[in-house]
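Residue-level listing of the chains:
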Amino acid sequence: MAKSSNSTSRAVSRAARKDAVNPRWFLPLMLGFMIVGFVWIILFYVSMHTLPIPGIGFLNVAIGFAIMFIGFIMATRWK
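S.K.: Before we move on, can you summarise the environment of Ile 42 with the specific residues and values?
M.R.: Mapping Ile 42 onto the fold places it in helix H2 (residues 26-46). Ile 42 gets classed as partly exposed once you look at its relative accessible area, which sits at 39%. Taking C-alpha positions, Ile 42 is 9.0 Å from Gly 64, a pair spaced 22 residues apart along the chain.

In structure tokens form, the structure reads like this:
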């Protein structure tokens with residue numbers, strides 16, 4: 001029995017995804033998000049809770065973790 005062309009095209013697209021590499025900007029951007037988030041949190045604690053955004057207090061920690069989390073999500077897509 002012959003396979004349908006739809007299943008063949010799915011197999012080809014999966015193989016193409018496995019061989020695909022990330023663009024050159026992907027790794028620096030991923031590491032940049034991780035480092036900026038880490039520095040955001042360190043700056044918050046070293047400045048005794050006055051920087052980077054003074055008015056929001058401990059939400060600065062959540063912002064720092066969110067920025068780092070973007071980098072970690074990108075790390076799951078890195079090839």
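Following the structure, the description resumes.
S.K.: Account for the side chain of Asn 60, with residues named and values stated.
M.R.: Within the secondary structure, Asn 60 sits in helix H3 (residues 59-76). Since its relative accessible area comes to 0%, Asn 60 is described here as buried. Apart from residues lying up to four places away in sequence, Asn 60 is in contact with Trp 40, Phe 44, Leu 51, Pro 52 and Ile 53.

S.K.: I'd like a rundown of H2, residues and numbers included.
M.R.: Each full turn of the α-helix corresponds to 3.6 residues, which orients residues three or four apart in the same direction. Counted at 1.5 Å a residue, the expected span for H2 with its 21 residues is 30 Å, and the 30 Å between its end C-alpha atoms agrees. Buried within H2 are the following residues: Phe 26, Met 30, Met 34, Gly 37, Ile 41 and Phe 44. Projected onto a plane normal to the axis of H2, the buried residues spread over an arc of 100° and lie on a single side. Along H2, the residues that are exposed and aim more than 90 degrees away from the buried face are Pro 28, Ile 35 and Val 46. In this structure, the buried side of H2 is in contact with H3. Immediately downstream of H2, the backbone of Met 48 shows phi near 60°, a positive value.

Criteria and thresholds
Residues numbered from 1 in each chain as written. Predicted model: local features only at pLDDT ≥ 70, side-chain atom pairs only at ≥ 80, totals over all residues. Heavy atoms only, no water. Helix = DSSP H or I, 4+ residues; strand = E, 2+ residues; numbered from the N terminus. Buried < 20%, exposed > 50% of the residue type's maximum accessible area, 1.4 Å probe, protein only. Contact = heavy atoms within 4.5 Å. Expected span 1.5 Å × (residues − 1). Arc of directions from axis to C-beta.

By themselves, these figures tell us nothing about what the structure is for.
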